[in-house]
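Structural description and commentary
Each chain is listed here by its residues.
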Amino acid sequence: MSDEKQLTQLCVRLGAPPAQAATMAAQLLKRARQLAAERGSTPETELKRLLELVTRGRAGEVPKDFVPPPPRPPMGNIP
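Presented here is an overview of the structure given in this document. Everything quoted here is computed from the prediction, not taken from an experiment. (Residues numbered from 1 in each chain as written. Predicted model: local features only at pLDDT ≥ 70, side-chain atom pairs only at ≥ 80, totals over all residues. Heavy atoms only, no water.)

**Considerations on the side chain of Thr8**
Note that Thr8 resides in helix H1 (residues 3-13). Each residue touching Thr8, except ones within four places of it in the same chain, is listed here: Pro18, Ala21, Ala22 and Ala25. (Helix = DSSP H or I, 4+ residues; strand = E, 2+ residues; numbered from the N terminus. Contact = heavy atoms within 4.5 Å.)

As structure tokens, then:
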């Protein structure tokens, strides 16, 4: 079974509808590859970290080392 199919099944078990689970799985794999390239690590290491964030987030926990992205500027009044 492919990694994406396994991740899709995991996302379904976490409560996502099947179509959304497939999208989530593809996004998790893509982001893991991006982070691995940025950090010089492996996609597996980054996927593990992302899955820990997903499962903790689902449980309402925020890891102490989690840094959220900066806020985006408001969309209104753009010249």
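**Focus: the pattern of salt bridges**
In total, this model carries 4 salt bridges according to the counting rule given. Close ionic contact of Glu46 with Arg39 constitutes a salt bridge, the shortest N to O distance being 3.0 Å. Relative accessible area serves as the criterion here: at 47%, Arg39 is assigned to the partly exposed category. A salt bridge links Lys48 to Glu52; the nearest nitrogen and oxygen atoms lie 3.6 Å apart. Here the residue Lys48 and the residue Glu52 both occupy positions in helix H3 (residues 43-58), the gap between them amounting to 4 residues, near one helical turn. Take Lys48: its relative accessible area is 54%, and that puts it in the exposed class. (Salt bridge = Lys/Arg side-chain N within 4 Å of Asp/Glu carboxyl O. Buried < 20%, exposed > 50% of the residue type's maximum accessible area, 1.4 Å probe, protein only.)

**Describing the nonpolar core**
Among the nonpolar cores identified, the biggest contains 11 residues, and these are Leu7, Cys11, Ala16, Ala21, Ala25, Leu28, Leu29, Ala32, Leu35, Leu47 and Leu50. Mapped onto this core, the elements with two or more residues apiece are H1, helix H2 (18-39) and H3. Excluding its chain neighbours within four sequence positions, the residues that come into contact with Leu50 are Leu28, Arg31, Ala32 and Leu35. (Core = buried A, V, L, I, M, F, W, Y, C linked by side-chain atoms within 4.5 Å.)

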